[in-house]
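Residues per chain, in single letters:
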Amino acid sequence: MGCCSSTEIKRDWKPLEERSCTDIPWLLIFILFGAGMAFICGYPIATGAASRLVRGYDSYGNTCGKNNTKIEGVPLSGRDMTENKYVFFLDPCNLDLINRKIKSLALCVSKCPAAELQTYNDVKQFALNNGSHLCSYDISPTRYTSHADRSTKCPKLPVLPSKSVPLLHRCIPTDISCYAEFAQAFVTFVSDNSVLRRVVAGVMASKEIIMGLCLLALVLSLIMMVVIRYISKVLMWILTILVIIGSIGGTGVLWWLYADHRKALENNTLSVFGKEVASDNVKALLVYSIGATIFTVVLLLVMFFMRKRVALTISLFHVAGKVFIHLPLLALQPFWTFLCLMLFWVYWIAVLLTLGTSGTAVKNNSTGLVEYQMQGPYQYLVWYHAVGLIWISEFILAFQQMTISGAVVTYYFTRNKSQMPVTPILSSMARTFRYHLGTLAKGSFIITLVKIPRLILMYIHSQLKGKENACARCMLKGCICCLWCLEKCLAYLNQNAYTATAINSTNFCTSAKDAFLILVENALRVAAINTVGDFVLFLGKVLVVACTAFAGVLALNYQREYTVWVLPLLIVSVFAFLVAHCFLSVFENVVDVLFLCFAVDSKYNDGSPGREYYMDKALMEYVENSKKSGLYKSGDGHGQELKSMARGGTSA
C-alpha cells in the first residue's frame, strides 16, 4: 500500500462494495511525525521554558514567582522571587522591530504601578510603600534619587501607569500610545502621515458599521446556501440577472456619489478637516468607479459568451441541491474545519512562544544580561515545528474534503435514498478515521512538499526586495508562480483522488491515477460542467460582496464628513468574500464530487439490465440537452453511446 507502482490488470470501479485500509505506511509516518510534534511541545515544558513564558522572567535569568538557582557569572541571578510575580520593563516603549521584542531591562516586581510616577522620588516612595522595587536589584530604594546609574538601572520617567496582563504576568502600560511608533513602522509606505491618521480615524469612527456589514455578509452567504438548496433550477438565471443589475447599478451609484462628493467639495462649505476627508473620499470614489466600470464590462462580456453553458449547468446544480436536502450538515463543514484549524493554530503559536524561551541561559558579554538560546540539534526544532504547521493544516483541510466526498458518494451510489445512513456525514467521518487517514496524510504531504519551497522563495523575495536586479526578481516571481500553479493542480487532483478513494477504497496513488484518467477521458465534460459550475459559484461570491459593499457605501454616506471610506470598505469587502468563499466552496466540492461520480457511472453503466445508472434523472436530462445543443459529444470509456435513462435510474 502507498506505492505508486502501476498494475497491468484492468480494474473496474466497484462503488461502496469493498472497504479496506489505505496507505498504512503513510499513516505510520504521520503518527511518528505527530509524536515528534508532541516531543517539541514537551521539551519546553520539561526544561522550564513554559513556566518562564507564563510566569515571566527578568534580564538576569530569574523566573518571577519562584525561587531560582544561581547562574554562573551572573551576580543578580538565583534570587527568591516568590513574592515578585510580575515582570516590569524599565522602558516598555523601547521596541526592537527587527527581533520583535521589548528592548529594555526587565525586573520581577511585586506590584505594577497603577498611577503615573513623575520623579525618582515618586519611584522611591512607591517602593517603600508597596515593597515593589522598580530599579535594579543592586540599588536600594533609598538611593533611587541619587544613584549614578539611575538613568540605566531605573525606569524611564515618567513611569506610565500599568496593569498586569491576565495569565502572562507582564506589566503593560494602560496607555498604548507609546506603541504608535511600532505601528507606524509597518506603514512606512504611507508618505503622508495625515492621510494615515484620517484613514485610521475613519475605521475607528465606523467600527459599528464595519461589524454590522460583516454580519450582513455572513447572513447573505447563508441565504445563498438556502437559495442553492431550494431553488437550484432558477438559481443561475437569478444570479445572472442580479449580478447584471447589481454591477450596472452599483457602478452607476458610485459615479453618482463621485459627482455628488465632488460638487460638495467645490462648494467650499466644509471645514478644513472636512475638506481633507472629502478630498480623500473623492479620490477613493473615482478609483472605485473606474474599477467598477472595468469589472462590469469584463463581467458582462464573459457572461454573454458563456450564457448557453451557464444554462446547461442547471441540472447539475439541481442534483447538488438535492444533496444538501438529504445532507444538511454539509453546510456546517466550514465551521468545524475552521474551529479545528483555529484550535491547532492556537496550540502551534503557544508552542512556538515556549520555544522562544527554551534553551540554556547564556550571559551576553556586551550587556551583562541573560538570554536563553537553544544549542546543538535542538535549534532545528523550530523548523520541524514550521513543517508541522503546514502539513497538519493541510491534513485538516483534506479531512474535510474526504468527509464531503464520502457523504456525497454514499448519496450518489445509493439507489434507494431511504436506505442511506441516518447521519451520512458522521458515517463518512467514521469511515475516514477507520480506513483512510493514511491517504489523507500522503495527499497533504504532497501539498506540503510544494508549499514549503514556494514559501521559502516568497520569504527570500521579500528579504531581497529592492536589492536584487530585475533578472533575479523576474526569475524568483516566475518560480513562485510556477509552484503556485503546481500546488493548485495537485490540490485539484488530490480532491478527485479522495473521491476515488471514497468510491473504491484504493490507495492514494491508484486513486489519483484512476481519477486523472477519468478526467482526461471526459475533458469536454470537465470544461462544460465543472468549470461553468465554478463560474456560477463565483457569481454568487460576487453577489455577496457587491451587496455588502453597496450596503457599506450607503451606510458610510451618512458619515461623509469624518469618515474616510478606503479602509472600511476594503475590510468589509475582503471579509464578505472570505465568508462567501468558505460557504460556497462546500457547494463547489459537492459539484466536483458529483461530476466524478457521474463520469464513473456513465463509463461503467449504460442503462441496460444489470448495468442500470445510478445518476439522477435531472443529470441525465442535462446530458441529453448537451448533446442536442452540440456542446457535448456522447461516448463513454468503452466507446458506447449513452442511453437514455428508461430504467434502472432513480430520482431522489
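Quick look at the structure, then. Since we're looking at a predicted model, the values are computed, not measured.

To continue, consider the overall build of the chain. Helix and strand counts for the chain come out as 20 helices and eight strands. For the chain, buried positions account for 45% of its 652 residues. A separation of at least 24 residues holds for 73% of the contacts in the chain among residues at least 6 apart in sequence. Surface summary for the chain: the accessible area is close to 32800 Å², and the carbon and sulfur share equals 66%.

Take a nonpolar patch on the surface next. Judged by side-chain polarity, Leu329, Leu332, Phe335, Trp336, Leu339 and Leu343 come together as a nonpolar surface patch covering roughly 590 Å² of accessible area. Under the relative-accessibility criterion, Leu339 is labelled partly exposed at 44%.

Bringing helix H12 (residues 333-356) into the picture now. The end-to-end C-alpha separation of H12 is 35 Å, in line with the 34 Å expected for 24 residues at 1.5 Å each. Residues Gln333, Pro334, Thr337, Leu341, Phe344, Trp348, Val351, Thr354 and Leu355 constitute the buried set of H12.

We now examine unusual backbone geometry. Geometrically, the link from Leu157 to Pro158 is a cis peptide bond, its omega value of -10 degrees lying close to zero. Here Pro158 shows up in the loop between helix H4 (150-153) and strand E5 (162-164). With phi around 55 degrees, Asp23 is a residue other than glycine that occupies positive phi space. Its location among the elements puts Asp23 in the segment before helix H1 (24-46). On the accessibility criterion, Asp23 (0% relative accessible area) is buried. For Ser505, which is not glycine, the phi torsion reads 60 degrees and is therefore positive. Residue Ser505 is classed as buried on the basis of its relative accessible area, which comes to 8%.

Criteria and cut-off values
- Residues numbered from 1 in each chain as written.
- Predicted model: local features only at pLDDT ≥ 70, side-chain atom pairs only at ≥ 80, totals over all residues.
- Heavy atoms only, no water.
- Helix = DSSP H or I, 4+ residues; strand = E, 2+ residues; numbered from the N terminus.
- Buried < 20%, exposed > 50% of the residue type's maximum accessible area, 1.4 Å probe, protein only.
- Contact = heavy atoms within 4.5 Å.
- Areas by Shrake-Rupley, 256 points an atom, 1.4 Å probe, with all protein chains shown as cover.
- Patch = residues over 30% accessible without salt bridge, like charges linked within 9 Å, V, L, I, M, F, W, Y side chains within 5 Å.
- Salt bridge = Lys/Arg side-chain N within 4 Å of Asp/Glu carboxyl O.
- Expected span 1.5 Å × (residues − 1).

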